Amino acid sequence: MTLKQIPIFFVFFLQAFLLKAELRLPAIFGDNMILQRDSPIKLWGWAEKNETIHVRFMQQKLKAQADKNGQWSVTLAPTPYGGPYNMEIKGHSEQVSLKNILVGEVWLASGQSNMEWTVKNSNNAANEISIADYPNIRAFNVEKSISDVPKRELKGKWAVCSPATVRDFSAVGYFFSLKLYQELGIPVGIINASWGGTGAETWTSESGFNKLPAHFKAPYQQHFDGSLQRFLKENELKKQNYLQALTNDPGIAAKWYENDTDISAWGKMNIPQLWESKLGDMDGIVWFKRRIYLPKGSAQKTGSVLLGTIDDDDVCWINGVKIGETTGYTSVRNYTIPKAVLKDGENIITLKIMDTGGGGGFYGNPTQLYLDVEGEKFPLDGDWNYKEAVTTQQHGYKEVSPNMLPSLLFNAMINPLVPYTIRGVIWYQGENNAGRAYDYRTLFPNLIADWRSQWKTDLPFYWVQLANYMAKEKSPEDSDWAKLRDAQTRTLRLAHTGQAVITDIGEADDIHPRNKQEVGRRLALIALAKNYGRKNLVYSGPTFKSMVKEGNKLIISFDAIGGGLVVNNKYGYVEGFALAGADKKFVWAQAHIDGNRIVVQADQLSSPVFVRYAWSNNPDVNLFNKEGLPALPFSNEE
């Protein structure tokens, strides 16, 4: 070989080396994983084309040949629960060894922020974390990702449940798996693929979405003109300009936190509210100011300022003095005011709020906003002045979000899991679709059918109905959240489905109720009854069965009454019922239990026709069965 030939030979050798595919498996197959018991177990991966792959697991020995694209797969025979085990996958020159494998029950947990919500942010978090020594419970958190084409791979790894790891588990997924483990004594694995603020559309595959009527597609045609790739390229340049601007906040440069800042051209916004309803869909930095007048003698006092919950980050000044800052939308803001900051008369509170995605601004309850001066409270809800400092709208930048196109999350976070063998799905989503609740009647069943077609089996699919949320309504009104709950209930017409009702444990001031323990438990009751042989277990609250009219009264009968109907009211009144005549003008009604029926009437109606129960954003709920499960909201309207 001549010296001239050596570089050419080296190039060909390097190309051959780089083209040689390594033996590998998807991330879902890894140390500490849980495989589904008593079912054929799908296993797949990649290798060099035409390479023979040998798989050894327990007493099973299988082999497969990689196709021309380097893909291979085998199906392990059904295996009873147990472990820990090891698995070996060998090619002609490489080997992958997986350790500490259990065989048990595997469930996929998916949805938006209430499924994403972690144990560390739930009720009684410190104690729950400290006792979470359950090595037979495992969780796989799918890393967030979007894609406009179906992916075969994702990122994540299996974690063994312990006080060191459980804090970042999906809370609903964890408490669901904990109840199953305590009842069954069998290893339980949860695959968590969830993303806050997302609609059902993005979790539906392209083929599934294309089955929907045309009006479902219309909103996506306005996001950008032309191809996604061209949009992403142009949008990236705008993003860089926006990010650069964030580092040079004009509010900081011009000292908008000072009291002498001219705010005559600032806008006004009623607080608390997320700013999207006023400013449109945008992220970035917005400044807020509020004047508050304090009585004589306040100048030498200490105090605190409470601002509720803010999305996402904030910095707070009073009279030009910085008194606190917080990162993250889950924390209630409560800042201590040092002595000598407050003044007699006019005081000015200034907030710089940074929103990184989704809703932005204040989202707490008005009663949570006040200035406390040594025990005397001064309300801070109402009109604040605001000014945009750096926003995505100013720079024409659109946050690339999972909701920009249908199927983006299915492609990146669900498709790579197919066909990993699972028992079923638990789902907590719907808040993002509440504005088009009627469409959810079609959209949600279509998603379930789509996922079942992907896995080629009628997966059990159990979901959480939307919790009670927002202010109580003074009179019976229609409600997007009630309509969304109704769409969820209608989906029970599909086989192998179940619904956990939680209209009794939500929080008026927070879209993220912290009692995830009970949410997980109620989902687990459904699975125990439907999948694990607990035939006599009551897993649902009372559900509307039928109605008869007797004079000016409607008599309501229920299914799923368990040990009988009970009402949490010392006077025996059932709250949350409304009646209407043929004109559908609803009024609050009186109701009481009569055996296992509810008698409903309204003094102003002589001939009621329509009835609603718990039909509002934040309904009054005190009707349960003796097992403590709340009655399902319902209406006899179509």
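What you see is a predicted model; the values in this text were computed from it and never measured. (Residues numbered from 1 in each chain as written. Predicted model: local features only at pLDDT ≥ 70, side-chain atom pairs only at ≥ 80, totals over all residues. Heavy atoms only, no water.)

Asker: I'd love a proper account of the environment of Ile526, names of residues and values included.
Answerer: For Ile526, the position within the fold is in helix H12 (residues 516-531). For Ile526, a relative accessible area of 0% corresponds to the buried category. Leave out the neighbours within four places in its chain, and Ile526 touches Tyr462, Gly498, Gln499, Ala500, Asn531 and Tyr539. (Helix = DSSP H or I, 4+ residues; strand = E, 2+ residues; numbered from the N terminus. Buried < 20%, exposed > 50% of the residue type's maximum accessible area, 1.4 Å probe, protein only. Contact = heavy atoms within 4.5 Å.)

Asker: Summarise the packing of aromatic side chains; cite the residues concerned and give the values.
Answerer: Evaluated as defined, the whole model comprises 36 aromatic pairs. Residues Trp427 and Trp451 carry aromatic rings whose centres are separated by 5.7 Å and whose planes lie at 90° to one another, so their mutual orientation is edge-to-face. In this pair, Trp427 sits in strand E22 (residues 424-428) while Trp451 sits in helix H10 (residues 437-455), placing the two residues 24 residues apart along the sequence. Taking relative accessible area as the criterion, Trp427 reaches 0% and is therefore assigned buried. (Phe/Tyr/Trp six-rings, centres within 6.5 Å; stacked < 30°, edge-to-face > 60°.)

Asker: Describe the sheet that holds strand E15 (residues 321-326), listing the residues and the values that go with them.
Answerer: Strand order in the open sheet formed by 6 strands is E11-E21-E12-E17-E14-E15, and the pairing between neighbours is antiparallel. Lying at the two open borders of the sheet, with one neighbouring strand each, are strand E11 (267-271) and E15. Pairs of neighbouring strands in the sheet enclose a mean axial angle of 30°, with direction left out of account. (Pairing = 2+ DSSP bridges. Axes fitted to C-alpha atoms, helices over the stretch in contact; angles between N-to-C directions.)

Asker: Describe H10, with residues and values.
Answerer: Given a rise of 1.5 Å per residue, 19 residues ought to cover 27 Å, and the 27 Å separating the end C-alpha atoms of H10 matches this to within 8%. Taken across its 19 residues, H10 has 14 buried, putting it largely inside the fold. Phi turns positive one or two residues past the end of H10, at Lys456, with a value near 60°. (Expected span 1.5 Å × (residues − 1).)

Asker: How would you explain the side chain of Thr79 if you had to name every residue and give the values?
Answerer: Mapping Thr79 onto the fold places it in the loop between strand E5 (71-76) and strand E6 (82-90). Looking at Thr79, the relative accessible area reads 3%, which means it is buried. Among the polar contacts listed, one links the side chain of Thr79 to the backbone oxygen of Ala77, at a separation of 3.0 Å. (Polar contact = N/O pair within 3.5 Å; in protein donor to acceptor, adjacent residues only side chain to side chain.)

Asker: Quick one: what's the story with the pattern of salt bridges, residue by residue and with numbers?
Answerer: In this structure the tally under the stated criterion is 24 salt bridges. With a closest N to O distance of 3.5 Å, Arg441 and Asp486 form a salt bridge. Taken together, the positions of Arg441 in helix H10 and Asp486 in helix H11 (residues 480-490) put the pair 45 residues apart, joining distant regions of the chain. Among the residues examined, Asp486 registers a relative accessible area of 13% and is labelled buried. Salt-bridge contacts for Glu637 lead to Arg612; the nearest nitrogen and oxygen are separated by 2.7 Å. One end of the pair, Glu637, is in the segment after strand E34 (634-635); the other, Arg612, is in strand E32 (residues 610-613), and 25 residues separate them in sequence. Considered together, Glu637 and Arg612 belong to a single accessibility category, that of buried residues. When salt bridges with common partners are traced through the structure, they connect Arg37, Asp38, Glu105 and Arg423 into a single cluster. (Salt bridge = Lys/Arg side-chain N within 4 Å of Asp/Glu carboxyl O.)

Asker: Can you break down unusual backbone geometry residue by residue, with the values?
Answerer: For the bond running from Ile271 to Pro272, omega is 10°, close enough to zero to count as cis. Relative to the helices and strands, Pro272 resides in the loop between E11 and helix H8 (276-279). Here the residue pair Asp311 and Asp312 is connected by a cis peptide bond, since its omega of 0° sits within 30 degrees of zero. As for its position among the elements, Asp312 is in the loop between strand E13 (303-311) and strand E14 (313-318). For Asn124, which is not glycine, the phi torsion reads 55° and is therefore positive. With respect to the helices and strands, the residue Asn124 is situated in the loop between helix H2 (113-116) and helix H3 (125-130). The phi dihedral of Lys456 is positive, around 60°, even though this residue is not glycine.

Asker: Outline the confidence of the model for the chain, listing residues and values.
Answerer: In this model, the chain carries an average pLDDT of 94, and 96% of its residues clear a pLDDT of 70 or more. Confidence drops under pLDDT 50 across residues 1-19; counting only partners more than four residues distant or on other chains, this segment forms 2 contacts. (pLDDT = per-residue confidence, 0-100.)

Asker: So, the sheet that holds strand E28 (residues 577-580): which residues are in play, and what are the values?
Answerer: The 4 strands are arranged E29-E28-E32-E34 in an open sheet whose pairing can be described as antiparallel. The outermost strands of the open sheet, each flanked by one partner alone, are strand E29 (587-588) and E34. Looking at chain direction, E32 and E34 are connected through 2 bridges and run antiparallel. Each bridged residue has a counterpart across the sheet, and for Arg612 the counterpart in E34 is Ser635.

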